[in-house]
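# Notes for the structure review
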Amino acid sequence: MYAFDQLLNTHGVSLRTGGKVGDEQRVAGQVGTVGDETQAAQFVNTFAREVRSRYEKVKAYYVGPQARRMMASGARLTATAESSMTYDLRR
């Protein structure tokens, strides 16, 4: 495992992929940067634009087709695998 301090690496971008946890749970991903470096901000903005154009906004999240189907069938969409069901994304 490696760790990078973004405050010391302001030109970097942080990507945390989400994914499927078992058959009944989908965990959200995240992309961002702490810096205001032009290259990092441009990358994040380009990535976000692509996500917004391909995914549906549900409250504060952008949800892909497979996750929407899972949500419709009763699966949990959540920030972390350990999160309480209280915080699950619901329409």
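Above this note sits the structure.
Position numbers for residues start from 1 in each chain and track the written sequence from start to end. Per-residue local features are limited, in this predicted model, to residues with pLDDT of at least 70; the limit for side-chain atom pairs, both in listing and counting, is 80 or more; totals at the level of whole chains, interfaces and linings are taken over all residues. With hydrogens and water set aside, each side-chain value is computed from the structure's full complement of heavy atoms.

Right, let's talk about the side chain of Arg-26 for a bit. Numbering of helices and strands starts at the N terminus; helices are DSSP runs of H or I of at least 4 residues and strands are runs of E of at least 2. Position of Arg-26 among the secondary structure elements: in strand 3 (residues 25–27). Accessibility here uses a 1.4 Å probe with only protein chains present; expressed as a share of the type maximum, an area under 20% marks a residue as buried, one over 50% as exposed, and anything in between as partly exposed. Note on charges: Lys and Arg go in the positive column, Asp and Glu in the negative column, and His and the chain ends are not counted at all. Between Lys or Arg on one side and Asp or Glu on the other, a salt bridge is scored when a side-chain nitrogen of the former is within 4 Å of a carboxyl oxygen of the latter. Buried charge without a partner: Arg-26 forms no salt bridge, and the closest opposite charge is Asp-23, 9.3 Å away. Whenever a nitrogen or oxygen atom comes within 3.5 Å of another N or O atom, the pair is scored as a polar contact, on the condition that within protein one atom can donate a hydrogen and the other can accept it, and that pairs from neighbouring residues in sequence are kept only if both atoms are in side chains. Polar contacts involving the side chain of Arg-26 include one to the side chain of Gln-66, which spans 3.4 Å. Here Arg-26 is in contact with Gly-19, Lys-20, Gln-66, Ala-67, Met-70, Arg-76, Leu-77 and Thr-78, once residues within four sequence places are set aside. For this analysis, residues touch if any pair of their heavy atoms sits within 4.5 Å.

This brings us to the packing of aromatic side chains. Given two aromatic rings, one states the distance between the centres and the angle between the planes to describe the pair. Note on aromatic contacts: the rings of Phe and Tyr and the six-membered ring of Trp form a pair at centre separations within 6.5 Å, being stacked when their planes are under 30 degrees apart, edge-to-face when over 60 apart, and tilted otherwise. Evaluated as defined, the whole model comprises one aromatic pair. On the basis of an interplanar angle of 25 degrees and a centroid distance of 6.3 Å, the ring pair of Phe-43 and Phe-47 is categorised as stacked. Residue Phe-43 and its partner Phe-47 are located together in helix 1 (residues 38–54), separated by four residues, close to a single helical turn. Overall, Phe-43 belongs to the partly exposed group, its relative accessible area being 45%.

With that settled, consider the side chain of Arg-76. Within the secondary structure layout, Arg-76 lies in strand 7 (residues 76–78). By relative accessible area, Arg-76 is classed as buried at 17%. Here the side chain of Arg-76 touches Asp-88 through a polar contact of 2.7 Å, side chain to side chain. For Arg-76, the residues in contact, after removing those within four places along its chain, are Glu-24, Gln-25, Arg-26, Ala-81, Ser-83, Ser-84, Met-85 and Asp-88.

Within helix 2 (residues 65–72), burial applies to Ala-67, Met-70 and Met-71. Down the axis of helix 2, the sector holding all buried residues measures 100 degrees, keeping them to one side. Turned more than 90 degrees away from the buried face of helix 2, the exposed residues are Arg-69 and Ala-72. Two residues or fewer after helix 2 comes Gly-74, characterised by a positive phi angle close to 100 degrees. By definition, the arc is the one covered by directions from the helix axis to the C-beta atoms.

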